[in-house]
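Structure at a glance
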Amino acid sequence: SNFKMDPNLILKKAPPLHQAWLAHEEAFNLLAAKPVITDPNVSQKLYSETCKAVNAELLADRDKYLTEHIATLEMKLEPNPGSANAHSIPIRKYFPISSSPVTKNIVVYFHGGGLYVGDLDSEDLTCRRICKALNCTVYSSSYRKMPQFTADDALSDALCTFKEVASHKKEGKLVVIGSSSGGQLAGQISQHYRTLKSDLIDGVLLRGPVTCNSTEGGKYLPDRFKDVHTSMSKAFHTSLLSGAALNNENRTTTVLPLEADDLSGMPRHWIQVSTNDIYYSDGVCYAEALREAGVEVNLDVVEGWPHTFWLKAPYLERAVQAESDMIEGLRQLLECDVQKVKVVQAEEKLMSVLSDRL
């Protein structure tokens, strides 16, 4: 492969899982065989109820502050009213209600779940945290799920939501966020707007993103990534994720983020990956591809933890840290352009040197 990637980021095997995660697995009996649910409606409902229960518990206790000075509004977007394809897209708007001035910044958030499960409640705590910490408006969007619908339907809904929300952008910044399969959608949206030569998006934040189809021994990977995408092996399986959500049968017809020919001119990125995750290489390869194209990328590597663990074990200290790191990454993306800051700092330094001489 002629692709130059930081060798430290290419993991031949997963490192040992962190002791705190192993203890969590044992406490919650996560390694026991799970009943196989074949009805997608049942698995979607179960996933939703589990997330709601965890949220309710935390919002009543440790994270009670996330209910204070934040208002939410449930909305529905109707993309094709009156047509055979008519349906509604659920969106939840989070906005600060405080005495301090609210920023004009907007965050558009897409939840994960392999495009099979997940809804507005799955990542409610994260959306609240963003709204609270950064005093901005967050629009969390759901989308049609597989297998009842296709991956293209999910992407179509995500694009529809993004277009609607982006039309309300005033002078603030706009950042798109996605975790796991939501990261795939966020990546595809950001590329779509890049091809439109639009500077609508100021930053992209991806957490454990799905960016390619690396199943079947990586035969569908772009050639330059074949040697460096190593995490789809059994060594990276965990109780949280032990099989690929995306394959050639259920993927979007639109190119996946890592398949893009040209990433130049993309907005700044902040990407968080976990080493014990079959999608570790998806995030790392995408970060490196962006860097190679001259895009500013910050990569946050969480060692010894599985795929999106902060959602499944939000009580753990490392999960809290991962959320906190994400908030800081988002803060960087929402702040003014880093290059401009550096130039200003350099000018200030020069002025102080000159004034000292005077």
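Residues numbered from 1 in each chain as written. Predicted model: local features only at pLDDT ≥ 70, side-chain atom pairs only at ≥ 80, totals over all residues. Heavy atoms only, no water.

As recorded in an unreviewed UniProt entry, the protein goes by Alpha/beta-hydrolase and comes from Hyaloscypha bicolor E.

So, about unusual backbone geometry. The amide bond that connects Met-146 to the next residue, Pro-147, takes the cis arrangement and shows omega of 0 degrees. By the element assignment, Pro-147 lies in the loop between strand S4 (137–141) and helix H4 (151–166). Phi at Lys-197 is positive, roughly 55 degrees, even though this residue is not glycine. Positionally, Lys-197 belongs in the loop between helix H5 (181–195) and strand S6 (203–207). The phi angle at Glu-216 is positive, at roughly 50 degrees, despite the residue not being glycine. Summarising the element assignment, Glu-216 is placed in the loop between S6 and strand S7 (268–276). (Helix = DSSP H or I, 4+ residues; strand = E, 2+ residues; numbered from the N terminus.)

As a further point, take the UniProt feature "domain: Alpha/beta hydrolase fold-3" (unreviewed entry) in the protein. Under the present numbering, the feature "domain: Alpha/beta hydrolase fold-3" (unreviewed entry) in UniProt falls on residues 107–310. The span residues 107–310 carries 28% helix and 19% strand; its end-to-end C-alpha distance comes to 20 Å. (UniProt positions renumbered as here; feature names shortened; annotations may be inferred.)

Moving on, we get to empty space enclosed by the protein. Taken as a whole, this structure holds one cavity of 30 Å³ or more when the rule is applied. Counted as a void, the largest cavity has a volume near 70 Å³. Looking at the largest cavity, the residues that line it are Gly-114, Leu-115, Met-146, Ala-151, Ser-181, Gln-184, Val-210, Ala-245, Leu-246, Asn-250 and Arg-251. (1 Å grid on protein atoms, 1.4 Å probe; cavity = no way out; pocket = protein on both sides within 12 Å on 5 of 7 lines; lining within 4 Å. Points joined across faces, edges and corners; volume = space filled by probe spheres on them.)

Below, the discussion takes up helix H1 (residues 19–27). Along H1, the positions that sit buried rather than exposed are Trp-21, His-24 and Glu-25. Summarising the axial view, the buried residues of H1 lie within an arc of 100 degrees, below the 170-degree limit, and thus occupy one face. When the buried face of H1 is taken as reference, the exposed residues oriented beyond 90 degrees from it are Gln-19, Glu-26 and Ala-27. Remark: Asn-29 follows H1 within two positions and exhibits a positive phi of approximately 55 degrees. (Buried < 20%, exposed > 50% of the residue type's maximum accessible area, 1.4 Å probe, protein only. Arc of directions from axis to C-beta.)

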